[in-house]
Amino acid sequence: MSDEQHQNLAIIGHVDHGKSTLVGRLLYETGSVPEHVIEQHKEEAEEKGKGGFEFAYVMDNLAEERERGVTIDIAHQEFSTDAYDFTIVDCPGHRDFVKNMITGASQADNAVLVVAADDGVQPQTQEHVFLARTLGIGELVVGVNKMDLVDYGESEYKQVVEEVKDLLTQVRFDPDNAKFIPLSAFEGDNVAEESENTDWYDGEILLEALNNLPAPEPPTDAPLRLPIQDVYTISGIGTVPVGRVETGILNTGDNVSFQPSDVSGEVKTVEMHHEEVPKAEPGDNVGFNVRGVGKDDIRRGDVCGPAEDPPSVAETFQAQIVVMQHPSVITEGYTPVFHAHTAQVACTVESIDKKIDPSSGEVAEENPDFIQNGDAAVVTVRPQKPLSIEPSSEIPELGSFAIRDMGQTIAAGKVLSVNER
């Protein structure tokens with residue numbers, strides 16, 4: 001890694017709008033993937049009758065994904081620009097992978113929204129933008145992709161820009177905080193160099209826009225919070241929990257506690273990019289080994305923090321939510337699955353405390369009987385099994401969540417206060 005600042009970048013958008021191809025193109029243009037690898041992928045893609053997928057292949061290097069031609073896992077890939085070292089969190093676009101998308105977006109500092117020029121805003125575009133907004137992604141770079149399919153037409157580009165601006169306004173994402181770029185990931189237009197095909201466009205190209213993203217403020221003064229993504233057993237080391245440091249610093253020798261599993265121990269080693277490091281800071285994806293903590297003691301969704309100031313575990317919590325899509329109405333007693341950091345826990349809405357006017361933020365109604373699509377509300381929630389979650393005002397990284405039911409994202413929100421168990 002260079003001394004450059006680090007950013008986690010989510011690539012979001014509807015399936016088939018060219019996310020994987022764009023990622024492959026970015027890796028290729030920044031020299032993160034050697035030419036011969038692309039050539040090799042190209043041959044393989046053509047043999048399988050999927051010519052044109054070579055850049056996407058760079059990301060989808062899992063055999064199963066190649067066969068199916070879709071992105072399943074969140075692949076982490078690195079590339080560097082003049083200003084930043086980026087880790088790409090490639091977010092799957094298919095409906096059933098929104099769960100992964102949530103984990104992906106909640107790890108990202110900024111995002112690139114890919115919208116195909118020939119297809120415009122799709123339901124999933126909307127869902128991803130909403131999640132990005134609620135999960136606190138700062139700036140959005142909107143790539144209007146596949147310009148080659150609409151003959152690089154300025155009017156087609158402008159139409160998509162308007163659609164996206166409407167969508168951003170709808171979810172209270174300031175459209176002035178978004179940059180729009182006409183591009184073709186497949187042909188390489190406006191990714192690493194200006195394209196002659198869009199002589200009507202004089203804004204930044206993609207790599208410039210990424211260079212100019214604001215630097216994330218590392219939340220190092222907050223206490224350590226490290227949500228666990230997976231727990232591995234590695235021979236010669238033992239149990240290795242893996243996750244991303246959200247806040248604070250993880251040092252070798254620290255005494256840490258895992259909640260809600262409620263086990264603790266001393267950090268023996270910290271590893272990043274297959275190298276042992278003395279400490280890890282916010283944004284670092286790490287594996288670490290803790291003395292006395294076994295594989296069955298902890299699980300995905302646990303949060304690691306200092307033993308003397310452990311992560312809070314909620315008996316109940318109060319949250320502000322926005323309902324995106326629910327076929328009918330939400331009332332007290334509703335028990336969907338809450339996705340918070342890496343945890344997925346069924347939670348019951350115990351009470352709907354107030355309904356809020358989403359445009360002004362003022363209270364519209366106290367103790368309403370129900371809420372429905374488009375409503376914003378403050379609710380009290382009781383997790384069905386222990387859940388570690390923090391007030392968004394104290395640790396925003398652990399204070400946001402999405403609510404899923406019936407295979408879709410119903411609502412998203414942030415934690416206002418936690419009543420600890």
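Each value, and the rule that gives it
- Residues numbered from 1 in each chain as written.
- Predicted model: local features only at pLDDT ≥ 70, side-chain atom pairs only at ≥ 80, totals over all residues.
- Heavy atoms only, no water.
- UniProt positions renumbered as here; feature names shortened; annotations may be inferred.
- Helix = DSSP H or I, 4+ residues; strand = E, 2+ residues; numbered from the N terminus.
- Buried < 20%, exposed > 50% of the residue type's maximum accessible area, 1.4 Å probe, protein only.
- Contact = heavy atoms within 4.5 Å.
- Areas by Shrake-Rupley, 256 points an atom, 1.4 Å probe, with all protein chains shown as cover.
- Salt bridge = Lys/Arg side-chain N within 4 Å of Asp/Glu carboxyl O.
- Polar contact = N/O pair within 3.5 Å; in protein donor to acceptor, adjacent residues only side chain to side chain.
- Patch = residues over 30% accessible without salt bridge, like charges linked within 9 Å, V, L, I, M, F, W, Y side chains within 5 Å.
- Pairing = 2+ DSSP bridges.
- Lys, Arg positive; Asp, Glu negative; His and termini not counted.
- Charge placed at Lys NZ, Arg CZ, Asp CG, Glu CD.
- Expected span 1.5 Å × (residues − 1).
- Arc of directions from axis to C-beta.

Per an unreviewed UniProt entry, the recorded name for the chain is Elongation factor 1-alpha, and the organism is Haloarcula sebkhae. Per its UniProt entry, the chain bears the Function (unreviewed entry) comment "GTP hydrolase that promotes the GTP-dependent binding of aminoacyl-tRNA to the A-site of ribosomes during protein biosynthesis." Its UniProt record, at the heading Subcellular location (unreviewed entry), says of the chain: "Cytoplasm".

Re the overall build of the chain
Scanning the chain for helices and strands turns up eight helices and 22 strands. Of all 421 residues assigned to the chain, the portion counted as buried reaches 55%. Across the chain, the fraction of contacts at a sequence separation of at least 24, relative to all contacts at a separation of at least 6, is 71%. Approximately 17800 Å² of the chain is accessible, and the part contributed by carbon and sulfur atoms is 43%.

Focus: the UniProt feature "binding site: Mg(2+)" (unreviewed entry) in the chain
In this numbering, the UniProt entry assigns the feature "binding site: Mg(2+)" (unreviewed entry) to S20. Locating S20 in the fold gives a position in helix α1 (residues 19–29). Residue class for S20 comes out buried when judged on its relative accessible area of 9%.

Things to note about the pattern of salt bridges
Taken as a whole and judged by the stated rule, the model has 11 salt bridges. Between K279 and E281 there is a salt bridge, with its nearest N and O atoms 3.1 Å apart. The partly exposed category is assigned to K279, whose relative accessible area is 38%. Notably, a salt bridge pairs E350 with R382, separated by 2.5 Å at the nearest N-O pair. Of this pair, E350 sits in strand β18 (residues 343–356) while R382 sits in strand β20 (residues 376–383), and the two are 32 residues apart along the sequence. When salt bridges with common partners are traced through the structure, they connect E315, E350 and R382 into a single cluster.

Structural notes on the side chain of R404
Tracing the chain through its elements places R404 in strand β21 (residues 400–405). Engagement of the side chain of R404 in a polar contact is seen with the backbone oxygen of G407, the distance being 3.3 Å.

Some remarks on a nonpolar patch on the surface
Side chains of Y232, I234 and I237 sit close together on the surface and give an oily, nonpolar patch of about 240 Å² of accessible area. With respect to the helices and strands, I237 occurs in the loop between β7 (226–234) and β8 (238–244). The class of I237 is partly exposed, set by a relative accessible area of 34%.

Re the pairing of strand β22 (residues 408–420)
Of the pairings in the sheet, the one linking strand β16 (residues 314–323) to β22 comprises nine bridges and is antiparallel in character. When the sheet's bridge partners are listed, Q320 is paired in β22 with K414. Relative to β22, β21 runs antiparallel, the two being bridged by six bridges. Its bridge partner being in β22, S400 is matched across the sheet by K414.

Description of a negative patch on the surface
Judged by side-chain charge, E39, E43, E46 and E47 come together as a negatively charged surface patch. Relative to the elements of secondary structure, E39 occurs in helix α2 (residues 35–47).

Section: the side chain of N145
Considering the arrangement of structural elements, one finds N145 in strand β5 (residues 140–145). In contact with N145, other than residues within four places in its own chain, are H17, G18, V114, V115, A116, A117, L183, S184 and A185.

Considering α1
The element α1 is largely enclosed, with a buried count of nine among its 11 residues. All buried positions along α1 are accounted for by K19, S20, T21, L22, V23, G24, R25, L26 and L27. One or two residues past the end of α1 sits G31, with phi positive at roughly 75°.

Side note on helix α7 (residues 154–170)
The first and last C-alpha atoms of α7 sit 24 Å apart over 17 residues, in line with the 24 Å expected at 1.5 Å per residue. Of the positions making up α7, those classed as buried are Y157, V160, V161, V164, L167 and L168. Buried residues of α7, seen end-on, are gathered within an arc of 125° and therefore sit on one face of the element. α7 presents S155, Q159, D166 and Q170 as exposed residues on the side facing more than 90 degrees away from its buried surface. One or two steps after α7, the chain reaches R172, where phi turns positive at roughly 60°.

Section: the environment of L224
With respect to the secondary-structure elements, L224 resides in the loop between α8 (206–211) and β7. Note on L224: relative accessible area 4%, which makes it buried. A C-alpha to C-alpha distance of 9.0 Å links L224 and E281, two positions 57 residues apart in sequence. Sequence-distant contacts of L224, that is, excluding residues within four places in its chain, are made with V245, T247, G248, I249, L250, V256, C304, G305 and P306.

Re unusual backbone geometry
Where the residue is not glycine, phi is negative for most of them; where a peptide bond is considered, it is trans in most cases. Geometrically, the link from Q259 to P260 is a cis peptide bond, its omega value of 0° lying close to zero. Of note in this structure, D151 is not a glycine but carries a positive phi near 55°. Here D151 shows up in the loop between β5 and α7. Its identity is not glycine, yet Y152 carries a phi of approximately 55°, on the positive side. Locating Y152 in the fold gives a position in the loop between β5 and α7. Overall, the relative accessible area of 15% leaves Y152 in the buried class.

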